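The chain contents come next:
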Amino acid sequence: AFPAIIPNVFRIFCVLNAYLNPSPFEDPVPEVDTLLADIAARINGEASLVSLGATEYEKKMTHVKRLLMKNQYDVEATVQQWIEWVKWRHEIMVDAIEEDEIKAEKEEAVFVWRGQNKEKMKCCVITGRALDPLGRKGTNRSFKRHFIKTVEDGLKAVDDDEQDKVCFIYDRRGLEFKHIDPNLFNFCKKVGEEMRDWYSDRVGAIYVVHMNFFFWILFSILVQPALTLFSPNFSKKFVMVETPEELLKYFDEEDLLLTRYEEGGDGASSAEVSPSSVDMSVIDEAQGRDNSVGKSDSNPAATSGASVVPPVVTLNAPQVEMRR
């Protein structure tokens, strides 16, 4: 009787295996190269798509492939999103942004690409205290266009790299209410949301430095739930630390280039420095920044002891890490 049971046990095993591991029996995902070829043919052949006047950069298959994966290999959804992205770039006139029109913002150095993390993600350092609403030389429009160009330039630089994701460091040290410009925030809010829609899949991590208790409460109650609602995986990319030294868990010291900060100072210098638990060293020459209105563009930081680097401000509250 026992040998007769063996075939039945084998059949049951086969059924269970098919139920628990259905992938071999499912319809395979079409070849990605085939789908990309079909989309490329439409982009270059269909009159409605050709009439968009897409640039060679916008027609690169690296962009289309990301949209295809983002839309779970749905060709129609991918084409539609590509159309919306091209229209957005043309409406904003991204490729027409000139260096001269964003000169003031580049001197402020609120957004600067510096270094990389241990995962080889190119890093953009955002220094909140570098914004001076009362002494700004640029306009809201030029600031918005500088923000767009900064993000796009950084992404273009790694488009074809094996590591095509980037990371951001939001340095809150020295940030006060005087550095906050509600009008500028409202002016740029829409384009920020649009860029999140197009490029959120390119963001690998966002590090927030000087995570005090108030900001942690604000983030936990308001920011993180909102991010989770609109993009479930986006909030998991946040890493909260309190001191620059804690970032050395994610960065090699020579690749962690923050703007110099002296407690009690105005935080105006935009020199790139690397934090250490022992001391700090200037990595690149101080760039400087003039906060005054109607004065010369001279760089006082570079001529008044800029090579003397103050110690990193170390706080005693525990590290709060939101990354999963």
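Note that the structure is predicted; figures quoted are calculated from it, not measured. (Residues numbered from 1 in each chain as written. Predicted model: local features only at pLDDT ≥ 70, side-chain atom pairs only at ≥ 80, totals over all residues. Heavy atoms only, no water.)

(A) Region of interest: the pattern of salt bridges. Applying the stated criterion to the full structure yields 23 salt bridges. Of the charged contacts, one joins D160 and K60 as a salt bridge, the two residues approaching to 3.2 Å between their closest N and O atoms. Taken together, the residues D160 in the loop between α7 (140–157) and β3 (166–171) and K60 in the loop between α3 (47–50) and α4 (61–70) connect sequence positions 100 residues apart. We note a salt bridge from R89 to D95, for which the minimum N-O separation is 3.0 Å. Accessibility expressed as a relative area gives 1% for R89, which makes it buried. Judged by its relative accessible area of 47%, D95 is partly exposed. A network of salt bridges, in which partner residues are shared, links E58, R89, D95, E152 and K156. (Salt bridge = Lys/Arg side-chain N within 4 Å of Asp/Glu carboxyl O. Helix = DSSP H or I, 4+ residues; strand = E, 2+ residues; numbered from the N terminus. Buried < 20%, exposed > 50% of the residue type's maximum accessible area, 1.4 Å probe, protein only.)

(B) Quick look at the nonpolar core. W82, W85, W88, F168 and Y199 are the most contacted members of the largest nonpolar core, which totals 47 residues. The contact partners of W88, leaving out residues within four places of it in the chain, are V94, E152, V191, E194, M195, W198 and Y199. (Core = buried A, V, L, I, M, F, W, Y, C linked by side-chain atoms within 4.5 Å. Contact = heavy atoms within 4.5 Å.)

(C) Structural context of the packing of helix α5 (residues 75–92) against helix α8 (residues 182–199). Where α5 meets α8, the axes come as close as 11 Å, and the angle between the chain directions of the two elements is 140°. The orientation of α5 relative to α8 falls into the category oblique. Both α5 and α8 take part in a crossing whose hand is left-handed. Listed contacts from α8 to Q81, E84, W85, W88 and R89 of α5 are V191, E194, M195, W198 and Y199. For the contact of α5 with α8, the residue count by class is six nonpolar, one polar and three charged. (Axes fitted to C-alpha atoms, helices over the stretch in contact; angles between N-to-C directions. Parallel < 35°, antiparallel > 145°, perpendicular 65-115°, else oblique. Left-handed = near helix turned anticlockwise from the far one by under 90°. Nonpolar A, V, L, I, M, F, W, Y, C, P; charged D, E, K, R; others polar.)

(D) Spatial organisation of the pairing of strand β2 (residues 122–127). Counting buried positions along β2 gives five out of six residues, so the element sits mostly inside the fold. Summarising the sheet, strand β1 (residues 111–116) and β2 pair through four bridges and their orientation is antiparallel. When the sheet's bridge partners are listed, V112 is paired in β2 with V125. The turn linking β1 back onto β2 is made up of five residues, and K120 within it adopts a positive phi angle of 65°. As paired elements, β2 and β3 share six bridges and run parallel to each other. Counterpart to V125 in the pairing with β3 is I169. As for the winding sense of the linkage, the β-α-β connection from β2 through α7 to β3 is right-handed. (Pairing = 2+ DSSP bridges. Right-handed = clockwise from strand over helix to strand, strands pointing away.)

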